[in-house]
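What the coordinates show
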Amino acid sequence: MSSENSSADDVRQVWDVVVVGAGPAGASAAYAAAVAGRRVLLLEKAELPRYKTCGGGIIGPSRDSLPPGFELPLRDRVHAVTFSNNGRFTRTRRSKQMLFGLINRPEFDQQLVEHAQKAGAELRTGVTVQRVEQHGSAVPDRRTVAVVLQGGETLLARAVVGADGSASRIGAHVGVKLDQVDLGLEAEIPVPETVAEDWQGRVLIDWGPIPGSYGWVFPKGDTLTVGVISARGEGAATKRYLEEFIGRLGLAGFEPSISSGHLTRCRADDSPLSRGRVLVCGDAAGLLEPWTREGISFALRSGRLAGEWAVRIAEAHDAVDTRRQALNYAFAVKAGLGVEMSVGKRLLAVFEKRPGLFHAALTGFRPAWRAFMDITRGSSSLGEMVRSHPMAQRALTALDRRQMGGESGERAEV
């Protein structure tokens, strides 16, 4: 931006990039845009730090997407996974190397925001965005977006990044379309030291009784994060699964410090990622892995891309250039995260019908366990695995055929 434009913008308070939502996606976007030397404003409706329903698993792709110098506030390092199939056929598999780390979201999110601030982003908390406008009296010219806050204040920006979560107002403006909605329920359970020691360095993954569901136990020092997830529309059954799961683990006698629920939303293949000078990323864009519903790595990666392309959109002088940059952003997201999502959707479709098959593979078939380790450590991804391993390609194609053949029945209603 030239100094002449800069002084004009100062008078009219035009930000280069306004990011809505200070979770992992928003903080990553704000960091990426601020590191590029742009004037960045990060808006968050809550006061930080704040609790989020989330297992808090940090896999390799998440770790690799963090800002330089970021020290993960790890509560535990996972070297073992216990798998069970609705409480039965329990088996633990171990790894000499760490598989992934566990964090508490309030600490992790706060630290990401601090990195964005150190890079030069300005933070405002306790602000709710009502809507964004790209035309009309609030917008001085075609290069500007108006961000209207609750209470009537209007902020102006050259580009806006929507990272305001799965019930995103910015996502509604962009026209995000969803084709999978799941309900996650979670309890944070403080436990005595003797119980905590039994879980140290080990997580549990239980393939659940509802099609497509699973449960987890993630240890974080003196607290266990215990949760389950399944397709929306199965609320009572999901709640019952969590209660039975906690009881089966011998944890029913401990009072949870927090019990919470959250809807995760997965984008449809043709869902837009932008509209004019507004981009969406993370949960606001419906970007998460459809089978595991893992969202942190998708938030960090898409947030960084959104921040980088928001800088280019902020510099665009006309609608044609803006459109070109927005399409480049969409291409970058789809080429990486989109490929992983399409494989995840295929795996979920099979998993809903045959959880026992996945359990048998992960507990009894060494290449499947090796693939699990490679993905969690970040040395491979679902997309790369299918692209570069002929055996994985053949297995997935065979599973697809099995899915299309003899077994009728639609995907769990969402």
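These remarks concern the structure in this document. (Residues numbered from 1 in each chain as written. Predicted model: local features only at pLDDT ≥ 70, side-chain atom pairs only at ≥ 80, totals over all residues. Heavy atoms only, no water.)

Quick notes on the sheet that holds strand 14 (residues 214–220)
The strand order across the open sheet formed by seven strands is 6-5-13-14-15-12-16, and the pairing between neighbours is mixed. What marks the edges here is a single partner per strand, and that holds for strand 6 (88–94) and strand 16 (258–267). In this sheet, adjacent strand axes meet at a mean angle of 20° when their direction is disregarded. As paired elements, strand 12 (residues 178–190) and strand 15 (residues 223–231) share nine bridges and run antiparallel to each other. Considered in strand 15, the bridge of Glu186 is made with Gly227. Strands strand 12, strand 13 (202–207) and strand 16 of the sheet are contacted by helix 9 (residues 319–353), whose axis makes an angle of about 110° with strand 16. (Pairing = 2+ DSSP bridges. Helix = DSSP H or I, 4+ residues; strand = E, 2+ residues; numbered from the N terminus. Axes fitted to C-alpha atoms, helices over the stretch in contact; angles between N-to-C directions. Contact = heavy atoms within 4.5 Å.)

What about the sheet that holds strand 7 (residues 100–102)?
The pairing of strands in a sheet comes from backbone hydrogen bonds and takes either a parallel or an antiparallel form. The antiparallel open sheet is built from three strands, whose spatial order is 3-7-4. Of all strands in the sheet, those with a lone pairing partner are strand 3 (57–58) and strand 4 (76–78), marking the two edges. In terms of strand pairing, strand 4 meets strand 7 through three bridges, oriented antiparallel. The residue of strand 7 that forms the bridge with Asp76 is Leu102.

Quick word on the side chain of Thr363
Within the fold, Thr363 resides in helix 10 (residues 355–364). When neighbours within four sequence positions are excluded, Thr363 is seen to be in contact with Phe83, Arg91 and Arg93.

A few points about the pattern of salt bridges
Scanning all chains against the criterion turns up 19 salt bridges. With its nearest N and O atoms 3.1 Å apart, the salt bridge here joins Glu153 to Arg124. You can see Glu153 sitting in the loop between strand 10 (145–149) and strand 11 (154–162) and its partner Arg124 sitting in strand 8 (residues 122–125), a full 29 residues away along the chain. On the basis of relative accessible area, Glu153 is assigned to the partly exposed category, the value being 37%. (Salt bridge = Lys/Arg side-chain N within 4 Å of Asp/Glu carboxyl O. Buried < 20%, exposed > 50% of the residue type's maximum accessible area, 1.4 Å probe, protein only.)

A closer look at unusual backbone geometry
Apart from glycine, the bulk of residues carry a negative phi angle, and the bulk of peptide bonds sit in the trans form. A cis amide bond links Leu48 to the next residue, Pro49, at an omega of -5°. Tracing the backbone through its elements, the reader meets Pro49 in the loop between strand 2 (40–44) and strand 3. The backbone of Asn86 shows a phi angle near 50°, a positive value even though the residue is not glycine. A residue is classified by how much of its surface remains accessible, and Asn86, at 29% relative accessible area, is partly exposed.

Digging into the layout of surface pockets
Of the pockets and cavities examined, the second largest pocket occupies roughly 420 Å³. Along its surface, the second largest pocket is lined by 20 residues, and Gln134, His135, Arg142, Gly276 and Ala319 are the ones closest to its centre. Contributing elements (two or more residues each) for the lining of the second largest pocket: strand 17 (274–275) and helix 9. Sort the elements by how many residues they give to the lining of the second largest pocket and helix 9 lands first, with four residues. (1 Å grid on protein atoms, 1.4 Å probe; cavity = no way out; pocket = protein on both sides within 12 Å on 5 of 7 lines; lining within 4 Å. Points joined across faces, edges and corners; volume = space filled by probe spheres on them.)

Regarding the side chain of Ser65
Along the chain, Ser65 turns up in the loop between helix 3 (60–64) and strand 4. For Ser65, the side chain forms a polar contact with the main-chain oxygen of Pro61, separated by 2.7 Å. Apart from the residues within four sequence positions on either side, Ser65 is in contact with Leu300, Arg301 and Arg304. (Polar contact = N/O pair within 3.5 Å; in protein donor to acceptor, adjacent residues only side chain to side chain.)

Thoughts on the packing of helix 8 (residues 296–315) against helix 9
Running from amino to carboxyl end, helix 8 crosses helix 9 at an angle of 165°, the nearest separation of the two axes being 9 Å. In terms of axis orientation, helix 8 runs roughly antiparallel to helix 9. For the element pair helix 8 and helix 9, the recorded crossing hand is right-handed. Counting all contacts with helix 8, which are made through Phe298, Arg301, Ser302, Leu305, Ala306, Trp309, Arg312 and Ile313, the residues of helix 9 involved are Thr322, Gln325, Ala326, Asn328, Tyr329, Ala332, Val333, Leu337, Glu340 and Met341. Tallied by class, the residues present in the contact of helix 8 with helix 9 amount to eleven nonpolar, four polar and three charged. (Parallel < 35°, antiparallel > 145°, perpendicular 65-115°, else oblique. Left-handed = near helix turned anticlockwise from the far one by under 90°. Nonpolar A, V, L, I, M, F, W, Y, C, P; charged D, E, K, R; others polar.)

Section: the state of the cysteines
Here the structure, examined in full by the defined rule, presents zero disulfides. The thiol sulfur of Cys266 is not disulfide-bonded, and the nearest other cysteine sulfur, from Cys281, lies at 15 Å. A relative accessible area of 0% places Cys281 in the buried class. (Disulfide = S-S within 2.5 Å.)

Some points on the packing of aromatic side chains
Applying the stated rule across the entire model yields 14 aromatic pairs. When the centroid spacing of 5.7 Å and the interplanar angle of 75° are considered together, the rings of Phe70 and Phe108 count as edge-to-face. Pair noted here: Phe70 is in the loop between helix 3 and strand 4 and Phe108 is in helix 4 (residues 105–118), with a separation of 38 residues, a long-range link. Phe108 shares its class with Phe70; the two are buried. Considering the side-chain rings of Tyr214 and Trp216, the 5.6 Å spacing of their centres and the 50° angle between planes classify their relative orientation as tilted. Of the two residues, Tyr214 and Trp216, neither departs from the other in class, the shared state being buried. Members of the aromatic cluster, joined through ring pairs, are Phe83, Trp207, Tyr214, Trp216, Trp291, Phe351, Phe358, Trp369 and Phe372. A cation over an aromatic ring shows up here: Arg202 above the ring of Trp199, its NZ or CZ 4.3 Å from the ring centre. The side chain of Arg312 reaches across the aromatic face of Trp309, ending 4.5 Å from its centre. (Phe/Tyr/Trp six-rings, centres within 6.5 Å; stacked < 30°, edge-to-face > 60°. Lys NZ or Arg CZ within 6 Å of the ring centre and 35° of its normal.)

Function-wise, these values are silent; they only describe arrangement.
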